[in-house]
Amino acid sequence: MTKVLIIGAGHAGGTVAALLRQYGHEGPIVLAGAELAPPYQRPPLSKAWLKGEADLEDLLLRPGSFYVEQDIDLRLGATATAIDRTARTVTFADGTTEGYDALILATGSTARKLTLPGADRADLLELRTLADAERLRAALGPGKRLAVVGGGYVGLEAAASARALGADVIVIERMDRVLARVASETLSTFFTHQHRARGVEILTSAEVTGFEDAGVRLADGRLIAADVVLVGVGALASDDLARAAGLECGDGIVVDETARTSDPAIFAIGDATNRPVPVHGGRRHRLESVPNALEQAKQAAAAIVGRAPPTPEAPWFWSDQYDLKLQIAGLPDGADRQVVRGDPAAGTFAVFHLTGDRIVCVEAVNAAPEFMAGRQMIVSGAPVDAEKLADLGVTMKALAAV
Ligand code: FAD
């Protein structure tokens, strides 16, 4: 019977273990993760959990009893340190080794560190794990001043949650707009206004040069006073195990449409991977999202049990800030124009990115029909009339039915 060893018990690792059983895999499954909590969801760490609206039970992917019932050997606090591809074994930090027939690397990503004076201070916070979130939540409260370095999704979500906890917040972004790497200008402008309207100070084109007792030092000499500093400047693939084992890596562990690495006995899934996206012409991307982790978990589980591969999906992502639900589907690279449907000032709108007459990406704010239909049209490749797309008088259902 095939023995499956999964390294990394996060969203992707926890999901693939459950799917293997669901798909009928009867052999041994070992799920080993470095963290001490059973597989949990990270999205609430910057949202509901940080605001105190969710507890640990709400975060868990499945209750602890699930792994016992499903005969999944869950090992927590177990950090893998090396893969021997010839012997088909993995060594752990405590010196033990575990064999495998199929190995799945689900090692996720780690918060990117800044190499600036003071960046190694123990009081600088990041937000990747439950332990990070516990430190952040304990440091926040009414009257505290939080400086967030980096205006990406995690930083902005943490800013919104910190406001809900009564903290003062300043976001420091080096680019000329927040969300510069990951969203359209329309969206950046919208979220900047929303945060400012709720009392968050946003500094753009602001270069941080160091961290001091009293706060954050900027290149123009200013000191931004802060009680708490959160650094949210992106994440890097945790691909060191794979690299050391000689697996092909680029920006992440290189895998194919079935989540297989350059070694046929080893799969990789989730944030750690660099994968082709069939819906976008097979172009390679490293995606950091729960839907991506779930899709690749399905691919790997299907390949291991010999089941037909899942239908390719359009990549998608969401972010919650205040009462705003942002949903994004598709990838905007290669788009030649944008169509805005709805009115950002009204708080309900969508930005469609088109290549010719095809939708390749939709960014929808409090606009579920636009998101749903847009996602469907990205996959189908159905042509769309840009004028009608901008016309709220034409329903998304009617546009998608063309
Ligand atoms: P992870 O969930 O990070 O799990 C990887 C696990 O592998 C970790 O537990 C790690 O400790 C373990 N590991 C690493 N190396 C080893 C090793 N050598 N040995 C053993 N274990 C190891 N996505 C969305 O789609 N929507 C959101 O709103 C959203 N919000 C987010 C908010 C925050 C604060 C964060 C941090 C992420 C958010 N994400 C969101 C991203 C999403 O959580 C990730 O894409 C998802 O968790 C990826 O799953 P994964 O299993 O690949 O990685």
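Predicted, not measured: the structure shown is a model, and the values here were computed from it.

(A) Main features of the domain arrangement of the chain. Splitting the chain by domain gives domain 1 (4-110 + 235-305), domain 2 (124-231) and domain 3 (323-401). Relative to domain 3, the C-alpha centre of domain 1 lies at a distance of 32 Å. The three residues of domain 1 that bury the most area against domain 3 are Val-279, His-280 and His-285, which together make up 75% of that side's buried surface. Seen at the junction of domain 1 and domain 3, the total is one salt bridge.

(B) Inspection of the side chain of Glu-363 at higher detail. One can find Glu-363 in strand E27 (residues 358-365). No salt bridge is formed by the buried Glu-363. Its closest oppositely charged neighbour is Arg-177, at 7.2 Å. One polar contact links Glu-363 to His-353, side chain to side chain, over a distance of 3.0 Å. Setting aside chain neighbours within four positions, we find Glu-363 in contact with Val-182, Ala-183, Ser-184, Leu-187, Gln-327, Ile-328, Phe-349, Ala-350, Val-351 and His-353.

(C) Summary view of the sheet that holds strand E6 (residues 97-99). Spatially, three strands are ordered E4-E5-E6 in an open sheet, and the strand pairing comes out antiparallel. Both outer strands of the open sheet, strand E4 (80-84) and E6, are each paired with one neighbouring strand and no more. Put simply, the sheet's adjacent strands are angled 20° from each other on average, direction ignored. Of the strand pairs in this sheet, E4 and strand E5 (residues 89-92) are connected by four bridges, and their pairing is antiparallel.

(D) Fine view of the pattern of salt bridges. All chains considered together, the criterion is met by 25 salt bridges. The residue Arg-163 makes a salt bridge to Asp-168 at a minimum N-O spacing of 3.8 Å. Accessibility expressed as a relative area gives 26% for Arg-163, which makes it partly exposed. Its salt-bridge partner being Arg-174, residue Glu-207 comes within 3.2 Å of it at the nearest N-O pair. Of this pair, Glu-207 sits in the loop between strand E12 (201-203) and strand E13 (208-212) while Arg-174 sits in the loop between strand E11 (168-172) and helix H6 (185-197); the two residues are 33 residues apart in sequence, bridging distant segments of the chain.

(E) A look at the pairing of E27. Counting buried residues in E27 gives seven out of eight residues, a clear majority hidden from the surface. Here five bridges tie strand E24 (residues 324-330) to E27, and the two strands are oriented antiparallel to one another. Counted as the bridge partner of Ile-328 is Glu-363 from E27. Pairing of strand E26 (residues 348-355) with E27, which is carried by seven bridges, proceeds in the antiparallel orientation. Bridge assignment links His-353 to a residue of E27, and that residue is Cys-361.

(F) Spotlight on the site of the ligand. In the vicinity of the ligand lie 31 residues, with Ala-12, Glu-35, Arg-42, Lys-47 and Asp-271 positioned nearest. Within the backbone of Ala-34, a nitrogen or oxygen atom sits 3.0 Å from a nitrogen atom of the ligand. Residue Glu-35 places a side-chain N or O atom 2.5 Å away from an oxygen atom belonging to the ligand. Expressed as a share of its isolated accessible area of 990 Å², the protein-covered part of the ligand is 92%. If you list the elements that add at least two residues to the shell around the ligand, you get helix H1 (11-22), helix H8 (290-305) and strand E23 (316-321). Element by element, the count of residues in the shell around the ligand is highest for H8, at three residues. Grouping the constituent residues of the shell around the ligand by class yields 15 nonpolar, ten polar and six charged.

(G) Spatial organisation of helix H9 (residues 368-380). Taking 1.5 Å of rise per residue, the 13 residues of H9 would be expected to cover 18 Å, and the 18 Å separating its terminal C-alpha atoms lies within 8% of that figure. Of all the positions in H9, only Glu-370, Phe-371, Ala-373, Gly-374, Met-377 and Ile-378 are classed as buried. Residues of H9 that are buried sit in contact with E23, E24, strand E25 (337-343), E26, E27 and helix H11 (396-400). At the exit of H9 stands Gly-381, carrying a positive phi of roughly 70°.

(H) Broad picture of the packing of aromatic side chains. Inspection of every chain in the model, using the stated rule, returns six aromatic pairs. Seen in terms of ring centroids, Phe-190 and Phe-191 are 5.3 Å apart; in terms of plane orientation they differ by 80°. Their pairing is edge-to-face. What makes Phe-190 buried here is its relative accessible area of 5%. Residue Phe-191 is classed as buried on the basis of its relative accessible area, which comes to 0%. When the centroid spacing of 4.9 Å and the interplanar angle of 65° are considered together, the rings of Phe-190 and Phe-349 count as edge-to-face. Of this pair, Phe-190 sits in helix H6 while Phe-349 sits in strand E26; the two residues are 159 residues apart in sequence, bridging distant segments of the chain. The buried category is assigned to Phe-349, whose relative accessible area is 1%. Three or more aromatic residues joined by ring pairs make a cluster, and in this case those are Phe-190, Phe-191 and Phe-349.

(I) Representation of the environment of Val-351 in the model. For Val-351, the location among the structural elements is in strand E26. Taking the C-alpha atoms as reference points, Val-351 and Gln-338, 13 residues apart in sequence, are found 6.5 Å from one another. Non-local contacts of Val-351, meaning those with residues more than four positions away in its chain, are made with Ser-184, Thr-186, Gln-338, Val-339, Val-340, Cys-361, Val-362 and Glu-363.

Cut-offs used in this document
- Residues numbered from 1 in each chain as written.
- Predicted model: local features only at pLDDT ≥ 70, side-chain atom pairs only at ≥ 80, totals over all residues.
- Heavy atoms only, no water.
- Domains from an automatic or database assignment.
- Buried area = accessible area lost by both parts, 1.4 Å probe.
- Salt bridge = Lys/Arg side-chain N within 4 Å of Asp/Glu carboxyl O.
- Helix = DSSP H or I, 4+ residues; strand = E, 2+ residues; numbered from the N terminus.
- Buried < 20%, exposed > 50% of the residue type's maximum accessible area, 1.4 Å probe, protein only.
- Lys, Arg positive; Asp, Glu negative; His and termini not counted.
- Polar contact = N/O pair within 3.5 Å; in protein donor to acceptor, adjacent residues only side chain to side chain.
- Contact = heavy atoms within 4.5 Å.
- Pairing = 2+ DSSP bridges.
- Axes fitted to C-alpha atoms, helices over the stretch in contact; angles between N-to-C directions.
- Near = heavy atom within 4 Å.
- Areas by Shrake-Rupley, 256 points an atom, 1.4 Å probe, with all protein chains shown as cover.
- Nonpolar A, V, L, I, M, F, W, Y, C, P; charged D, E, K, R; others polar.
- Expected span 1.5 Å × (residues − 1).
- Phe/Tyr/Trp six-rings, centres within 6.5 Å; stacked < 30°, edge-to-face > 60°.

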